[in-house]
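# Fold and contact review
Residue strings, one per chain:
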Amino acid sequence: MTGPELKPIPVAPADFGTDPRDQEPSRWHGAFRRIVTGNGLISLLSVVLALIAGSIMIAFTNPEVQEASGYFFRRPQDTIAAVWDSISGAYVALFQGAIYNFRADSFAVGIRPLTETLKFATPLIAAGLGVGLAFRAGLFNIGGQGQMLMAAAAAGWVGTSMNLPWPLHMLVAIVAGVVAGGLWAGIAGLLKARTGAHEVIVTIMLNNIAFYLLAWMLATQGILQAPGSNNPKTAPMAESALLPGILGPQYKLHAGFILALIAVGFTWWLLERSSLGFRFRAVGENPSAAKVAGISVGKMYFLVMLIAGGLVGIAGVSQVLGTVTSGFGGDIDAGIGFDAITVALLGRSTPLGILAAGILFGAFKAGGFAMQASENVPIEIVLVVQSLIVLFIAAPPLVRAIFRLPQPGARRKPNKPATPKKNAAQPAEEVSA
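Structural notes, computed from the coordinates. (Residues numbered from 1 in each chain as written. Predicted model: local features only at pLDDT ≥ 70, side-chain atom pairs only at ≥ 80, totals over all residues. Heavy atoms only, no water.)

## Quick notes on helix α10 (residues 256-273)
Along its 18 residues, α10 runs 25 Å from first to last C-alpha, staying within 8% of the 26 Å computed at 1.5 Å per residue. Of all the positions in α10, only Gly256, Phe257, Ala260, Ala263, Val264, Thr267, Leu270 and Leu271 are classed as buried. When α10 is viewed along its axis, its buried side chains cluster within an angular range of 135° and face the same direction. Exposed residues lying more than 90 degrees from the buried face of α10 are Ile262 and Arg273. (Helix = DSSP H or I, 4+ residues; strand = E, 2+ residues; numbered from the N terminus. Expected span 1.5 Å × (residues − 1). Buried < 20%, exposed > 50% of the residue type's maximum accessible area, 1.4 Å probe, protein only. Arc of directions from axis to C-beta.)

## Remarks on the packing of helix α2 (residues 40-61) against helix α4 (residues 76-98)
In contact at an axis separation of 9 Å, α2 and α4 are set at 120° when each is read in the N-to-C sense. Comparing the axis directions of α2 and α4 gives the class oblique. Between α2 and α4 lies a crossing of right-handed hand. Contacts from Leu51, Gly54, Ser55, Ile58 and Ala59 of α2 reach α4 at Val83, Ser86, Ile87, Ala90 and Tyr91. The class makeup of the residues in the contact of α2 with α4 is seven nonpolar, three polar and no charged. (Axes fitted to C-alpha atoms, helices over the stretch in contact; angles between N-to-C directions. Parallel < 35°, antiparallel > 145°, perpendicular 65-115°, else oblique. Left-handed = near helix turned anticlockwise from the far one by under 90°. Contact = heavy atoms within 4.5 Å. Nonpolar A, V, L, I, M, F, W, Y, C, P; charged D, E, K, R; others polar.)

## Some remarks on the pattern of salt bridges
Applying the stated criterion to the full structure yields four salt bridges. Residue Lys192 pairs with Glu199 through a salt bridge whose shortest N-O separation is 3.3 Å. The exposure classification of Lys192 matches that of Glu199, with both residues buried. We note a salt bridge from Asp339 to Lys365, for which the minimum N-O separation is 3.4 Å. Taken together, the residues Asp339 in helix α14 (residues 336-346) and Lys365 in helix α15 (residues 351-375) connect sequence positions 26 residues apart. Relative accessible area serves as the criterion here: at 18%, Asp339 is assigned to the buried category. (Salt bridge = Lys/Arg side-chain N within 4 Å of Asp/Glu carboxyl O.)

## Brief notes about the nonpolar core
Residues Ile125, Leu214, Leu321, Met371 and Ile389 are the most contacted members of the largest nonpolar core, which totals 99 residues. Per-element accounting of this core gives the leading share, twelve residues, to helix α13 (residues 297-323). With residues near it in sequence (within four places) discarded, Ile389 still touches Ser46, Val47, Ala50, Leu346, Phe361 and Phe364. (Core = buried A, V, L, I, M, F, W, Y, C linked by side-chain atoms within 4.5 Å.)

## Section: the side chain of Thr267
Assignment of secondary structure puts Thr267 in helix α10. We classify Thr267 as buried; its relative accessible area is 2%. For Thr267, the contacting residues outside a window of four places in its chain are Leu129, Leu133, Leu311 and Pro351.

## A short note on a nonpolar patch on the surface
A surface patch of nonpolar side chains, amounting to about 810 Å² of accessible area, comprises Leu41, Leu44, Val48, Ile52, Ile56, Phe60, Leu398, Ile402 and Phe403. Breaking the nonpolar patch down by element, the ones donating at least two residues are α2 and α17 (396-402). For the nonpolar patch, the element with the highest residue contribution is α2, accounting for six residues. Tracing the chain through its elements places Phe403 in the loop between α17 and α18 (428-432). (Patch = residues over 30% accessible without salt bridge, like charges linked within 9 Å, V, L, I, M, F, W, Y side chains within 5 Å. Areas by Shrake-Rupley, 256 points an atom, 1.4 Å probe, with all protein chains shown as cover.)

## What about the packing of helix α7 (residues 144-161) against helix α8 (residues 168-195)?
Two elements in contact, α7 and α8, have axes separated by 7 Å at closest approach and are oriented at 150°. Between α7 and α8, the crossing angle belongs to the class labelled roughly antiparallel. Here α7 runs over α8; the crossing is right-handed. In contact with Gly146, Gln147, Met150, Ala151, Ala154, Ala155, Val158 and Gly159 of α7, α8 contributes His169, Val172, Ala173, Ala176, Gly177, Ala180, Gly181, Trp184 and Ala185. Of the residues contributing to the contact of α7 with α8, the split by class is eleven nonpolar, six polar and no charged.

Structure below.
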């Protein structure tokens, strides 16, 4: 008589490296997942709350409102009218500076603010995709600044040092920038996979290294510094390396926006239709369960950072080959690497959401200058509104409480069944029965 047949126990394959998240996901991991991939309604309501807070600040900083409030109790209608004029004037100026200028003489001139919005949105979309893709894999990529700087350095070197025909020169510069951004982010992914080093610390250090490395290259003849100049700035990009304009020379919108749209489509396909994207999402949801299922968590960390850095690299490429073509300095990132974090949070780390959030923040940038010029609204108020959006997104319970939305997982209390009333004419023993 033979004993029961013994079946081999499946063993997960060896991981790519040491993974500090082999244990069950912590409370912080769950909170991180809810913030970066939560309900889109929370993002919309966060924008509404931030705009309301911005309206209050606009009213308080307006000189006419301050003057009318001095005699509020005597003529309150003057204060109310001044508040309305200040807020409505500011947001009308924001719209006309970001979407369409109704005062323009022709449609071609009136639509120019929209092209400016899309120009500002181009690097925000690309960099936001890089940050959001890392979010989906459970990594907090705040190294967008360093990745942009290295991409700009590589694309700028190709654009100023090589002599190739168009469009070959442009394509080589684009590829160089994307590869440089991917490799720079890949350093953080490799250290995360091999040693368990936290990606936040590593990407912060890489930002500083990239900044000073670019400063050295801009100050060194033969690398990036313009020939015959002592200024820390590159020479103008060669005409054969520039991204062409989309709508003609009267607009500043260039083909970088098309690259950003292609990046949106690629990221959507990667996350929603490819097996690699499924593994990214599985690791982001629960790295311990993903490892048990046979997914190399460390390898996914390395690959996702590599691809995320390449997406951020598109932002650097669009800056030096499309927006700032007369030569750039150490401030070429213009804070886009950190603004991309806000864009990814507002877009809930989804490609289409990041596209919409990038356009919204591009509108803030384009319209903010119009608000300041026509209504004397401090440009810092736009920055405060952007910061408040992040604050409200990071606090979904606060937004739900303000708008009286049900908390996730909350159950309604069942209605108590009505107690039958006694009939006075009915015998007591019959009721008890």
